[in-house]
Amino acid sequence: MPELNTSSLPDLIFSILFFFMIVTSMREVELKVEFKTPAGTELEKLERKSLVSNIYIGKPTREFRAKLGTQSRIQLNDKFADVSHIREYIQDERASLAERDKPFMKVSIKGDKDTQMGIITDVKMELRKAWALSIVYSAAQR
Amino acid sequence: MAKGKRKVPGLNGSSMADISFIMLIFFLVTTSMDTDRGLHVRLPNPPDENIEQDPPKIRKRNSLIVNVNMHGQVMVTQGEKAGIEVQISELRQLAKDFIENREDRMDYPEKHAVELPAPFGVQMITDKHVISLQTDRAVAYDIYFQVSNELYGAYNELRDELARRTFGYGYKECNEDQQLAIRQYYKCMISEAEPRSYGPQQ
């Protein structure tokens, strides 16, 4: 029986590899809150990820629960934060953008379904004060 | 010694597949396809603390108040009518009827002649209507999101219908100028009042 010629196998694997290398995006922050986003129908894609700053709101993960309880918390970058830190965070994020991209900055609120509106509203109020007016409620397609 | 007969040994490339396999598996595991979607919302400008502002006067017939209480019940008050409790699924049709006011009813928002970009020209539209969304602070974010989803959905459906009527294809297929014109025809007028807390908070 003639042997199967496998010399093209590496090329094949390489092309799949490149595909995944391009589409991959490393998770940039370690999540310290758990959230399950709501499901909606009127969703649009977030086009340029570099313009998006994330605000995570949800219950602390299990390891932090002993210290912080199960009330919803806000996470900015890598650490827990208070509502009053948001303005500073937005200013930092805005400063890191190129000048021509600044008007297109978006803030994505990744909130847990069961979070009370109180926190979300406080966050929104701070975002308004920081002039970050274009926001996205992150959600899953229904 | 016959020089011409010496053969250059070929590089053994059989392990290449294994190496790239390992890298492939690594990227397969770390990858998370870009599926970040969300409801896009524009917040109003921050309130100016220096100037004491009276809230803008809105005629009763132009306003639709959507009120979500702490139990997640939705109450809709339109114009002079008494508030009614509705299901979230009914909200979209209600909002559509309100925004469009197709029959030019007296109890729905008043229509004004407004100059719009081509191809619309001067049209009678309900440019003064306001949908006001009031949520209790204790409501779950999910309910607020579902309500907003329906309200924005009402605008999206109206815009899509208008696009199909005028251009023969959906709003998403329109070019930028057409979308801009349609957006001015049905301008999004959802205002979110500061949530009040009525009941005891957790």
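Everything below is about the structure printed above this text.
Because the structure is predicted, anything quoted here is derived from the model rather than measured. (Residues numbered from 1 in each chain as written. Chains lettered and ligands numbered in written order. Predicted model: local features only at pLDDT ≥ 70, side-chain atom pairs only at ≥ 80, totals over all residues. Heavy atoms only, no water.)

S.K.: I tried to follow the overall build of chain B on my own but got confused; where do I start?
M.R.: When helices and strands are counted, chain B shows 4 helices and 8 strands. A buried classification covers 40% of the 202 residues belonging to chain B. In chain B, once contacts between residues fewer than 6 apart in sequence are set aside, the share between residues at least 24 apart is 60%. Only carbon and sulfur atoms are counted for the fraction: they give 53% of the accessible area of chain B, which is about 12,700 Å². (Helix = DSSP H or I, 4+ residues; strand = E, 2+ residues; numbered from the N terminus. Buried < 20%, exposed > 50% of the residue type's maximum accessible area, 1.4 Å probe, protein only. Contact = heavy atoms within 4.5 Å. Areas by Shrake-Rupley, 256 points an atom, 1.4 Å probe, with all protein chains shown as cover.)

S.K.: It is not clear to me how the packing of helix α3 (residues 86-95) of chain A against helix α4 (residues 117-129) of chain A should be interpreted in this structure. Could you clarify?
M.R.: A packed helix pair is summarised by two numbers, namely the angle formed by the two axes and the spacing between the axes. Residues and elements named next belong to chain A. With their axes 9 Å apart at the nearest point, α3 and α4 run at an angle of 50 degrees to one another. Compared by their axis directions, α3 and α4 come out oblique. Pair α3 / α4 crosses with right-handed handedness. Mapping the contact onto sequence places Ile86, Arg87 and Ile90 in α3 and Val123, Glu126, Leu127 and Lys129 in α4. (Axes fitted to C-alpha atoms, helices over the stretch in contact; angles between N-to-C directions. Parallel < 35°, antiparallel > 145°, perpendicular 65-115°, else oblique. Left-handed = near helix turned anticlockwise from the far one by under 90°.)

S.K.: Whenever I open this one, the environment of Lys36 of chain A confuses me. Can you help?
M.R.: Residue and element names in this part refer to chain A. For Lys36, the location among the structural elements is in the loop between β1 (33-34) and β2 (39-40). The spacing of Lys36 and Asp112 is 76 residues in sequence and 4.9 Å in space, taken between C-alpha atoms. If we skip the residues at most four places from it in the chain, Lys36 touches Gly111, Asp112 and Lys113.

S.K.: Any chance you could explain the nonpolar core here in plain terms?
M.R.: Nonpolar side chains in soluble globular proteins tend to end up buried together. Core analysis: the biggest nonpolar cluster contains 62 residues, and Ile55, Ile90, Leu127 and Tyr137 of chain A together with Val66 and Ile131 of chain B have the highest contact counts within it. Top contributing element to this core by residue count: helix α3 (residues 141-166) of chain B, with 11 residues. Beyond its immediate stretch of four places on either side in the chain, Ile131 of chain B contacts Leu64, Val66, Ala95, Phe98, Ile99, Leu151, Tyr155, Met189, Ile190 and Ser191 of chain B. (Core = buried A, V, L, I, M, F, W, Y, C linked by side-chain atoms within 4.5 Å.)

S.K.: Where do I start with the interface of chain A and chain B in this structure?
M.R.: Interfaces are frequently sized by the accessible area removed from exposure as the parts join. In this complex, chain A contributes 53 residues to the contact, which on the side of chain B involves 49 residues. Taken together, both faces of the contact between chain A and chain B bury some 4,900 Å²; the carbon and sulfur share is 59%. On the chain A side of the interface with chain B, the three residues burying the most area are Glu42, Met117 and Tyr137 of chain A, jointly 15% of the side's total. Of the charged contacts, one joins Arg142 of chain A and Glu150 of chain B as a salt bridge, the two residues approaching to 3.9 Å between their closest N and O atoms. In this assembly, chain A and chain B are joined by 28 residue pairs in polar contact (both at pLDDT 80 or more). Contributions of two or more residues to the side of chain A that touches chain B are made by α1 (9-23), β2, β3 (44-45), β7 (106-111), α4 and β8 (134-141) of chain A. The residue inventory of the side of chain A that touches chain B, partitioned by class, reads 27 nonpolar, 13 polar and 13 charged. Where β8 of chain A and strand β1 (residues 37-42) of chain B come together, 6 bridges link them in antiparallel fashion. Note on β1 of chain B: the bridge partner recorded for Ser134 of chain A is Arg42 of chain B. (Buried area = accessible area lost by both parts, 1.4 Å probe. Salt bridge = Lys/Arg side-chain N within 4 Å of Asp/Glu carboxyl O. Polar contact = N/O pair within 3.5 Å; in protein donor to acceptor, adjacent residues only side chain to side chain. Nonpolar A, V, L, I, M, F, W, Y, C, P; charged D, E, K, R; others polar. Pairing = 2+ DSSP bridges.)

S.K.: Help me understand the pattern of salt bridges, please; the structure alone is not making it clear to me.
M.R.: Tallied over the entire structure, the rule returns 20 salt bridges over all chains. Notably, a salt bridge pairs Asp101 of chain A with Arg48 of chain A, separated by 3.4 Å at the nearest N-O pair. Within this pair, whereas Asp101 of chain A is found in the loop between α3 and β7, its partner Arg48 of chain A is found in the loop between β3 and β4 (52-60), the two being separated by 53 residues in sequence. Overall, Asp101 of chain A belongs to the buried group, its relative accessible area being 10%. The class of Arg48 of chain A is partly exposed, set by a relative accessible area of 44%. For Arg102 of chain B, the salt bridge identified is with Glu100 of chain B, shortest N-O distance 3.5 Å. On the accessibility criterion, Arg102 of chain B (59% relative accessible area) is exposed. Taking the relative accessible area as the measure of exposure, Glu100 of chain B reaches 14% and is therefore buried. Taken together, the salt bridges that share partners define one network made up of Glu42 and Arg142 of chain A together with Arg92, Lys96, Glu150, Glu157 and Glu161 of chain B.

S.K.: It is not clear to me how the sheet that holds strand β2 (residues 63-68) of chain B should be interpreted in this structure. Could you clarify?
M.R.: What links the strands of a sheet is backbone hydrogen bonding, and the strands pair in either a parallel or an antiparallel sense. Residues and elements named next belong to chain B. Pairing is mixed across the open sheet formed by 5 strands, whose spatial order is β4-β3-β2-β7-β8. Edge positions in the open sheet fall to β4 (84-86) and β8 (190-192), since each of these has one partner strand only. Adjacent strand axes in the sheet meet at a mean angle of 25 degrees when their direction is disregarded. Judged from the 5 bridges that link them, β2 and strand β3 (residues 74-78) form a sheet pairing that is antiparallel. Residue pairing for β3: Asn67 is matched across the bridge by Met75.

S.K.: Whenever I open this one, the pairing of strand β5 (residues 73-76) of chain A confuses me. Can you help?
M.R.: Successive residues of a regular strand alternate their side chains across the two faces of the sheet. Residue and element names in this part refer to chain A. With 3 bridges joining them, β4 and β5 adopt antiparallel strand pairing. The residue of β5 that forms the bridge with Ile57 is Ile74. Between β5 and strand β6 (residues 79-81), which pair antiparallel and follow one another directly, the connecting turn spans 2 residues, one of which, Asn77, has a positive phi of 50 degrees.

S.K.: Explain the side chain of Gln75 of chain A to me, please; I cannot follow it from the model alone.
M.R.: All names here are of chain A. For Gln75, the location among the structural elements is in strand β5. Residue class for Gln75 comes out buried when judged on its relative accessible area of 0%. There is a polar contact of 3.0 Å between the side chain of Gln75 and the backbone oxygen of Asn77.

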